[in-house]
Amino acid sequence: MRKRIYSILLAIAMLATIIPITVLAEDPPHTHDGYTAISDATELAALFTNGGSGYLTANITTNSDASRLIKAGKTVNLCLNGFVLTLGYNNGQNIGIEGNGVLNLYDCGTKTHKFSVGTNGLWILDETSGTETVTGGVITGGKGGGGIAGAVYMASGAQFNMYGGNIIGNQASGNCGAVYVDGASIFNMSGGTIAGNIAGGLSGAIHITASAVFNLSGGTIDSNKSNSWGGAVCSYGTFNMTGGAITNNTSTQGGGGISISDNSTFSMSGGEISGCISGNEGGGACIGQDGVNLSIGGTAVITGNKRNSTTENLYLRTGGTSRLGVNAPAEGMSVGITMQTPGQ
């Protein structure tokens, strides 16, 4: 047989590589006390330039570099408040977070918004006839900068904490439909939704470079598409998943849900990866064969994914230095593994 298929059960004991997992603090309580009302792109530009806290009181379209760029060393607390922030400046240039800048994204609105789904998988804001309904504020319409990072670009040293809101309907002609985590930057996602984004290259939703970190503890990453590897996430750095859901994403190559490249780190102790489809290795997850620090345990679930029409959840390439460690499995853990047959 070309492949050997295993299921991880609670009774399995394996030599584990213990990987330190960043434990995130509970989400801070959110109110508008001390926040400034933001009603147009000029007021948004002032918030991004000077730092501070603000909440949207209207739908806004970015119209200048200042209205989309969080300056180095500034901390911005932004509540979408149920409104739509459209990335309209410079043909949809993304929100940029400069080095040591911090964006804390919240949403306490209950407005609903409708999206139509294009033939390429991109969700397009369509309040009249849309078939997909989203509750809460939305960042949409981004087309990246320099062909990458549809919605948010994080420069080295930046931090993005996503507590709520929706990042939907953004695209890049190259890599990363939504959030590009570059250099020594950190993206913490504990709430909200990233959906309906597409990339012409890698990473339908989130791209993690070699020195960057993505911590997923909550929220949903759904229905994103890559025309290469990593329907939702492609990681060359560190990806810690303790919760949240990665669902219904697609890639034309490997890793319909996530693609973990050589010499990177992936740990999963909670959350689920399900309903994803790849055109190549690993419907749910594809793991590189060399130098990957891989640890799965807790209540992790990777099930119901497919490689084309065949069930394939986590695909582990063999013959290299990557090793799988099962770390403290708990009731409810369910992971299907396909291991590459040596020589194939």
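The rules we used
Residues numbered from 1 in each chain as written. Predicted model: local features only at pLDDT ≥ 70, side-chain atom pairs only at ≥ 80, totals over all residues. Heavy atoms only, no water. Helix = DSSP H or I, 4+ residues; strand = E, 2+ residues; numbered from the N terminus. Rg over C-alpha atoms; globule rule 2.2 N^0.38 Å. Buried < 20%, exposed > 50% of the residue type's maximum accessible area, 1.4 Å probe, protein only. Areas by Shrake-Rupley, 256 points an atom, 1.4 Å probe, with all protein chains shown as cover. Pairing = 2+ DSSP bridges. Axes fitted to C-alpha atoms, helices over the stretch in contact; angles between N-to-C directions. Contact = heavy atoms within 4.5 Å. Polar contact = N/O pair within 3.5 Å; in protein donor to acceptor, adjacent residues only side chain to side chain. Arc of directions from axis to C-beta. Right-handed = clockwise from strand over helix to strand, strands pointing away. Salt bridge = Lys/Arg side-chain N within 4 Å of Asp/Glu carboxyl O.

**Observations regarding the overall build of the protein chain**
For the protein chain, the helix and strand inventory stands at 1 helix and 41 strands. Relative to the globule expectation of 20 Å for 344 residues, the C-alpha radius of gyration of the protein chain, 19 Å, shows essentially globular dimensions. Dimensions of the protein chain along its principal axes, counting C-alpha atoms only, are 60 × 40 × 35 Å. Expressed as a percentage of the 344 residues in the protein chain, the buried residues total 54%. Accessible surface, the protein chain: about 12800 Å² in total, of which carbon and sulfur atoms supply 49%.

**Observations regarding the sheet that holds strand β38 (residues 310–311)**
Strand pairing in a sheet is mediated by backbone hydrogen bonds. Such pairs are either parallel or antiparallel. Taken together, the 7 strands give an open sheet; going across it, the order is β17-β21-β25-β29-β33-β37-β38, and neighbouring strands pair in mixed fashion. Every interior strand has two partners, whereas the edge strands, β17 (171–172) and β38, have only one. Relative to strand β25 (residues 225–226), strand β21 (residues 198–199) is paired through 2 bridges, and the arrangement is parallel. Residue pairing for β25: Ile198 is matched across the bridge by Lys225.

**Details of the sheet that holds strand β11 (residues 123–125)**
Within the open sheet, the 3 strands sit side by side as β11-β10-β12. Their pairing is antiparallel. Every interior strand has two partners, whereas the edge strands, β11 and β12 (132–135), have only one. The sheet shows a mean angle of 40° between the axes of neighbouring strands, direction not considered. Examined bridge by bridge, strand β10 (residues 112–117) and β11 share 3 bridges and lie antiparallel to one another. Across the sheet, residue Ser116 finds its bridge partner in β11, namely Ile124.

**Considerations on the pairing of strand β35 (residues 293–298)**
The buried fraction of β35 is high, at 5 of 6 residues. Where strand β31 (residues 265–268) meets β35, 4 bridges bridge the pair, whose relative direction is parallel. Considered in β35, the bridge of Ser267 is made with Ser295. Where β35 lies against strand β40 (residues 323–329), 6 bridges are found, and the strand directions are parallel.

**Some thoughts on the side chain of Thr209**
Residue position: Thr209 is located in the loop between β22 (206–208) and β23 (213–216). Given a relative accessible area of 11%, Thr209 falls into the buried group. Apart from the residues within four sequence positions on either side, Thr209 is in contact with Tyr180, Val181, Asp182, Gly183, Tyr236 and Gly237.

**Observations regarding the side chain of Ser251**
In this fold, Ser251 is placed in strand β29 (residues 250–251). At 3.0 Å, the side chain of Ser251 forms a polar contact with the backbone oxygen of Gln253. Once you skip the residues sitting within four places of it in the chain, Ser251 turns out to touch Ser226, Ser228, Trp229, Gly230, Gly231, Gly256, Ile277, Ser278 and Gly279.

**So, helix α1 (residues 41–50)**
Taken together, the buried positions of α1 are occupied by Ala41, Leu44, Ala45, Leu47 and Phe48. Down the axis of α1, the buried side of the element spans an arc of 160°, and every buried residue falls inside it. In α1, the exposed positions that point more than 90 degrees away from the buried face belong to Thr42 and Asn50. Residues of α1 that are buried make contact with β2 (36–38), β3 (52–56), β4 (60–61), β5 (69–70), β6 (75–79) and β7 (84–86).

**Some remarks on the environment of Ser235**
Relative to the elements of secondary structure, Ser235 occurs in strand β26 (residues 233–235). For Ser235, a relative accessible area of 0% gives the class buried. Between the alpha carbons of Ser235 and Val181 there is a distance of 9.5 Å; along the sequence they are 54 residues apart. Leave out the neighbours within four places in its chain, and Ser235 touches Ile208, Ser259, Ile260, Ser261 and Ser264.

**Description of the pairing of β3**
Summarising the sheet, β2 and β3 pair through 3 bridges and their orientation is parallel. Within β3, the position partnered with Ala37 by the bridge is Tyr55. Handedness of the crossover joining β2 and β3 through α1: right-handed.

**Re the pattern of salt bridges**
Pairing between side chains becomes possible if they bear opposite charge and their charged atoms approach one another. Counting across every chain of the model gives 3 salt bridges. Notably, a salt bridge pairs Glu312 with Arg307, separated by 3.7 Å at the nearest N-O pair. When sorted by exposure, Glu312 lands in the same class as Arg307, which is buried.

**Quick word on unusual backbone geometry**
The phi dihedral of Asn91 is positive, around 60°, even though this residue is not glycine. In this fold, Asn91 is placed in the loop between β7 and β8 (95–97). A positive phi angle is found at Ser203, which is not glycine, with a value near 65°. Mapped onto the elements, Ser203 comes out in the loop between β21 and β22. What makes Ser203 buried here is its relative accessible area of 0%.

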